[in-house]
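Inside the fold
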Amino acid sequence: MENLLSIIISTKNDESCLARQLASIASQTIWPDEIFLIDDGSTDGSKDVVRQFCEYYKDEDSCDIRTLLCDDNKGFNARVNQAGLDSNCKFLYFASSNDYLLPIFVEEHRNAISTCEDLHLSCSYDFGFEGFKGPKEVTERYIPGHCSAISKEAFVEFGMHRQNLEWHADLFLFNVAAYKYGFYSIGEELSVKTPDENSYANRGVHSPEQSVVLNEMIRILKEELPFESIREKMLDRICDLTQGEIVRRYIDEHINNRT
C-alpha cells in the first residue's frame, strides 16, 4: 500500500506544548503513515518528550516513527526541508509544536488524497465549501499552512520552504501550489492554531526585515516562476500582508506601482 501522509514536526525548546501536539497525533482515528520528529538543538526537555513518545509507541506497526535529535540549530525551514526530501510519503504535513490536531485530521486528509486524482494540496479549513477547486477557480487569498498537506512533488517543484523567505516560506509554498494546481477543501478546520505573540512568524511580520522578505518574494515571482496568473495572484496576496505600518509603507512604495 502506498504511503500517503507524513507528519513532520521540527521543534526547539517547546517542551511545554510539544506533548499536547504529539498526544493529538496519537489520538487520530487513523495514524499517519509516517511521523518525522526533529529536535533542532533544544536546551529544555523537548528531546525527552520526543524520546518518551517514541518509546511508548514503538510497537505501532501502522506508522513509521522517525527522529532526528540535533545538538546544533539550523532553523525550522532547513530542518523540515531535509525531512520532506527524506520522507517516504506522497504528501507532507508540517505541524507546529504549539498547535494540535482534531482526531479526524489524518483520516480526512487521507480520504482527500486517495480519492482526488492528481491532487497536490489538501486543506482542512472552513472555506465555506467542500470539494476540489481548480487553479482558475481559486479566489481565496490565503491557504493556511497549519491546515494544509502538500504533495512531495509540488513541495520540491516550488523550492520547498525557501530559507530566504523566512516566516513567509510556508505562505509562499502553499499559495503558489494552489494557484497552479488548485486544492481540495475538506470544509472544516481540523488543526487548532494556538496564538503566540512571541512566535517566529508573529515577530517576523512586525520586523524591519519584513520589507526584505517581501522584496525577495517579489523577485522570485518575477524571475523564477514562469506563470503569469500565479504571479499576479501572489502579488495580490502580498498586498494583503498589511500587519503594521512597516508593511503598509512597503506595499505603497513597491507593489501598488508594479513594474
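One can find the structure itself at the top, above this paragraph.
Residues numbered from 1 in each chain as written. Predicted model: local features only at pLDDT ≥ 70, side-chain atom pairs only at ≥ 80, totals over all residues. Heavy atoms only, no water.

A short note on the pairing of strand 4 (residues 91–95)
The side chains of a regular strand alternate, first on one face of the sheet and then on the other. Counting buried positions along strand 4 gives five out of five residues, so the element sits mostly inside the fold. Where burial is concerned, the two faces of strand 4 agree: the one with Phe-91, Tyr-93 and Ala-95 and the one with Leu-92 and Phe-94 are both buried. Here strand 1 (residues 5–11) runs beside strand 4; their pairing, made up of five bridges, is parallel. Across the sheet, the residue bridging to Ile-9 is Ala-95, located in strand 4. In the sheet, strand 4 pairs with strand 8 (residues 148–151) via three bridges, with the strands oriented antiparallel. Each bridged residue has a counterpart across the sheet, and for Leu-92 the counterpart in strand 8 is Ile-150. (Buried < 20%, exposed > 50% of the residue type's maximum accessible area, 1.4 Å probe, protein only. Helix = DSSP H or I, 4+ residues; strand = E, 2+ residues; numbered from the N terminus. Pairing = 2+ DSSP bridges.)

Some details on helix 1 (residues 15–26)
Compared with an ideal rise of 1.5 Å per residue, which puts twelve residues at 16 Å, helix 1 spans 17 Å between its outermost C-alpha atoms and is within 8% of the ideal. In this fold, the buried residues of helix 1 make contact with strand 1, strand 2 (34–40), helix 2 (46–56), strand 4 and strand 5 (100–101). (Expected span 1.5 Å × (residues − 1). Contact = heavy atoms within 4.5 Å.)

Looking at the pairing of strand 1
Most of strand 1 is tucked away: seven of the seven residues are buried. Bridge count between strand 1 and strand 2: six bridges; the pairing is parallel. The residue of strand 2 that forms the bridge with Ser-10 is Ile-38. Where the polypeptide runs from strand 1 across helix 1 and back to strand 2, its parallel neighbour, the crossover connection is right-handed. (Right-handed = clockwise from strand over helix to strand, strands pointing away.)

Concerning the packing of aromatic side chains
Counted according to the given criterion, the structure contains ten aromatic pairs. Aromatic pair Phe-94 and Phe-155: ring centres 5.4 Å apart, planes at 35°, arrangement tilted. Separated by 61 residues along the polypeptide, Phe-94 in strand 4 and Phe-155 in helix 5 (residues 152–157) bring together distant segments of the chain. Across the pair, Phe-155 and Phe-94 agree in class, each one buried. Joined through ring pairs, the aromatic side chains of Trp-31, Phe-53, Tyr-56 and Tyr-57 make up one cluster. In this arrangement the basic side chain of Lys-133 is found over the ring face of Phe-129, its NZ or CZ atom lying 4.6 Å from the centre. (Phe/Tyr/Trp six-rings, centres within 6.5 Å; stacked < 30°, edge-to-face > 60°. Lys NZ or Arg CZ within 6 Å of the ring centre and 35° of its normal.)

Remarks on the packing of helix 1 against helix 2
One way to put it is that helix 1 packs onto helix 2 with a least axis distance of 9 Å and a crossing angle of 20°. Here helix 1 is positioned roughly parallel relative to helix 2, judged by the angle of their axes. The chirality of how helix 1 crosses helix 2 is right-handed. Within the contact between the two elements, helix 1 uses Glu-15, Leu-18, Ala-19, Leu-22 and Ala-26 and helix 2 uses Ser-46, Val-49, Val-50 and Phe-53. Class assignment of the residues belonging to the contact of helix 1 with helix 2 gives a composition of seven nonpolar, one polar and one charged. (Axes fitted to C-alpha atoms, helices over the stretch in contact; angles between N-to-C directions. Parallel < 35°, antiparallel > 145°, perpendicular 65-115°, else oblique. Left-handed = near helix turned anticlockwise from the far one by under 90°. Nonpolar A, V, L, I, M, F, W, Y, C, P; charged D, E, K, R; others polar.)

Some remarks on the nonpolar core
If you look at the biggest cluster of nonpolar residues, it comprises 40 residues, and the most contacted ones within it are Ile-8, Phe-94, Ile-143, Ile-150, Phe-172, Phe-183 and Met-234. Going through the elements one at a time, strand 2, helix 3 (76–86), strand 4, strand 6 (121–123), helix 5, helix 6 (169–181), helix 8 (210–223) and helix 9 (228–239) are the ones with two or more residues in this core. Per-element tally for this core: the top contributor is helix 6, with nine residues. Trp-31, Val-49, Cys-54 and Cys-116 belong to the second-largest nonpolar core, a separate cluster that totals 30 residues. (Core = buried A, V, L, I, M, F, W, Y, C linked by side-chain atoms within 4.5 Å.)

A closer look at the environment of Gly-75
Positionally, Gly-75 belongs in the loop between strand 3 (64–70) and helix 3. Judged by relative accessible area, which is 21%, Gly-75 ranks as partly exposed. A C-alpha to C-alpha distance of 9.3 Å links Gly-75 and Thr-11, two positions 64 residues apart in sequence.

That is the geometry; function is a separate question.
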